[in-house]
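Tertiary structure, described
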Amino acid sequence: MTTFIDRVPAAIDRLDPGLHGRIILPGDPGYDAARAVHAGGVDHRPAVVIRPGDATQVARVVTLARETGLELSIRSGGHSAVGHGVSNGGICLDLAGMKNLEIDVEGRTAWVETGMRAGEHATATAAHGLVTGFGDTASVGIGGITLGGGIGYLVRKHGLTVDDLLAAEIVTADGAILHVDEDRHPDLFWAIRGGGGNFGVATRLRFRLHELDGVYGGMLVLPATPEAIVSFVAEAEDAPEELSAIANVMPSPPVPFVPEEHHGRPVIMATMCYAGPAEAGERALAPFRAIAGPLADLVRAVPYPGMYPPGGSGTRSMAATANMFVDRVDLAVAGNILERTKSSTAAMTVTQLRVLGGAMARVPVTATAFAHRGSRVMVNLTAVHADPAEAGEHAAWVAAFAASLRQDDPGVYVNFMLNEGEERIRAAYPGGAYERLARIKARYDPENLFRLNQNIPPAAG
């Protein structure tokens, strides 16, 4: 009987750089960098990393994985919290060599290959006064964030990233290269707008671009009390749709822009982004500045790419996380957040609150596979730690915290999930979306080749 281990060298022997792209093997220069991911604690070692140069080479790699039975992972930016982009022992198809961007300034659209990072795209399009909203981190690959939905700085003004997705080039499990949009393979086009990487390799995406010369944005730090947290969320809900806010309730880190006497004390470390001129942004932020005397106010007029924080130090922190949606943040919820934060033994705890609504909520819930159009506030809980032996302790703390916050909205954002099981994946796709995705999966990937993701197995029959 041929085993998995037996198949690996035979598959590698079939690789040809002229046919498949750059081949990186264990021991090669750059192998460790190629397999590294953003999440700490993930140490996957693929049998080979392959960096194709175009969709044809991607199709050959997909065909090789299907024919050999080797596990296949698809890496765009390496930001999966559980390392889905890097197979442990199989083939890692790394899109890092595919970053071509074609901007149609007059038509306000762009075709972009999915190895490009969000910050790179923002910088290139901002040169023309144009933008597509991705997330809030420059190093995120646009392939992964788009396929999961895309909640970022412009979510209230322009909706999700998938709301600006006009077309895509997809390599399916049979090695076919499909061009999909509302008219061609509309079922697949529906599925990739929120359904993740279950249906193929997205090699190129066509986005709508919006005019945006700059933003009024940056960090606003307020002392955190239950009243301040409630007021912040209420003001974010009432703010003009041009304003999207990300509030991180946390003990203040020892950063120089926060007075030293507040280090370690609870603060609202908020990232504010007003998509418009500074004068209007000043008016929109006035109610937030009035909540309490700001400990730091770094909000200013900047080019849109200036919203992304500077590049990281290269350190990879381990963290226990949980994601959910809530319907309200009242004094009881806010008090619970502060009390739970005090009880953690993690090096750093963060409760992130993102008020949604606006343009995102006006898209019909069945228009895309992302089905949380009516969700009001997204919550992401994080406990950062350094010792792998403590992982269970912090995961339990986060789980108990999440349970204490649970309200009527059972949903979860697929891009922020860990390995949480089928029930939680179903919660990411409510209202019949999961079942519809499973039927589409059966049509385009009946053998579940694309399974290193928040996996939706193909429907039976």
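The sections below set out a description of the structure shown in this document.

Criteria and thresholds
- Residues numbered from 1 in each chain as written.
- Predicted model: local features only at pLDDT ≥ 70, side-chain atom pairs only at ≥ 80, totals over all residues.
- Heavy atoms only, no water.
- Pairing = 2+ DSSP bridges.
- Helix = DSSP H or I, 4+ residues; strand = E, 2+ residues; numbered from the N terminus.
- Axes fitted to C-alpha atoms, helices over the stretch in contact; angles between N-to-C directions.
- Contact = heavy atoms within 4.5 Å.
- Expected span 1.5 Å × (residues − 1).
- Polar contact = N/O pair within 3.5 Å; in protein donor to acceptor, adjacent residues only side chain to side chain.
- Salt bridge = Lys/Arg side-chain N within 4 Å of Asp/Glu carboxyl O.
- Buried < 20%, exposed > 50% of the residue type's maximum accessible area, 1.4 Å probe, protein only.

**A word on the sheet that holds strand β8 (residues 165-171)**
Pairing is antiparallel across the open sheet formed by 5 strands, whose spatial order is β5-β6-β10-β8-β9. Each edge of the open sheet is held by one strand with a lone partner, namely β5 (101-104) and β9 (177-180). Within this sheet the neighbouring strands show an average axis-to-axis angle of 10°, counted without direction. Examined bridge by bridge, strand β6 (residues 109-113) and strand β10 (residues 201-208) share 5 bridges and lie antiparallel to one another. Following the sheet pairing, Glu 113 is matched in β10 by Arg 204. Against the sheet, helix α4 (residues 55-68) makes contact with β8, β9 and β10, and its axis sits at roughly 50° relative to β8, the strand it touches most. Each of β5, β6 and β10 is contacted by helix α5 (residues 118-126), which is oriented at about 35° to β5, the strand it contacts most.

**Notes on helix α11 (residues 331-343)**
Spanning 13 residues, α11 covers 18 Å between terminal C-alpha atoms, matching the ideal 18 Å at 1.5 Å per step. Looking at the buried side of α11, the elements it contacts are α9 (226-238), β13 (243-251), β14 (266-274), β18 (348-355) and α13 (391-405). Capping the start of α11, Asp 330 holds a side-chain oxygen 3.2 Å from the backbone nitrogen of Ala 332, two or three residues further along.

**Some details on the sheet that holds strand β3 (residues 72-75)**
Ordered by their spatial adjacency, 4 strands build an open sheet running β1-β2-β4-β3, and the pairing between neighbours is mixed. Lying at the two open borders of the sheet, with one neighbouring strand each, are β1 (22-24) and β3. Across the sheet, the mean angle separating the axes of adjacent strands is 20° when strand polarity is ignored. Note: strand β2 (residues 48-51) against strand β4 (residues 91-94), 3 bridges, orientation parallel.

**Some remarks on the pattern of salt bridges**
Two side chains with opposite charge may pair up if their charged atoms get near one another. Inspection of the entire model under this criterion finds 24 salt bridges. The residue Arg 35 makes a salt bridge to Asp 32 at a minimum N-O spacing of 2.9 Å. With Arg 35 and Asp 32 both in helix α3 (residues 31-35) and 3 residues apart, the pair spans about one turn of that helix. A relative accessible area of 13% means that Arg 35 is categorised as buried. Between Arg 193 and Glu 182 there is a salt bridge, and its shortest N-O distance comes to 3.5 Å. Of the two residues, Arg 193 is situated in the loop between α8 (186-192) and β10 and Glu 182 in the loop between β9 and α8; the sequence distance between them amounts to 11 residues. Note on Arg 193: relative accessible area 7%, which makes it buried.

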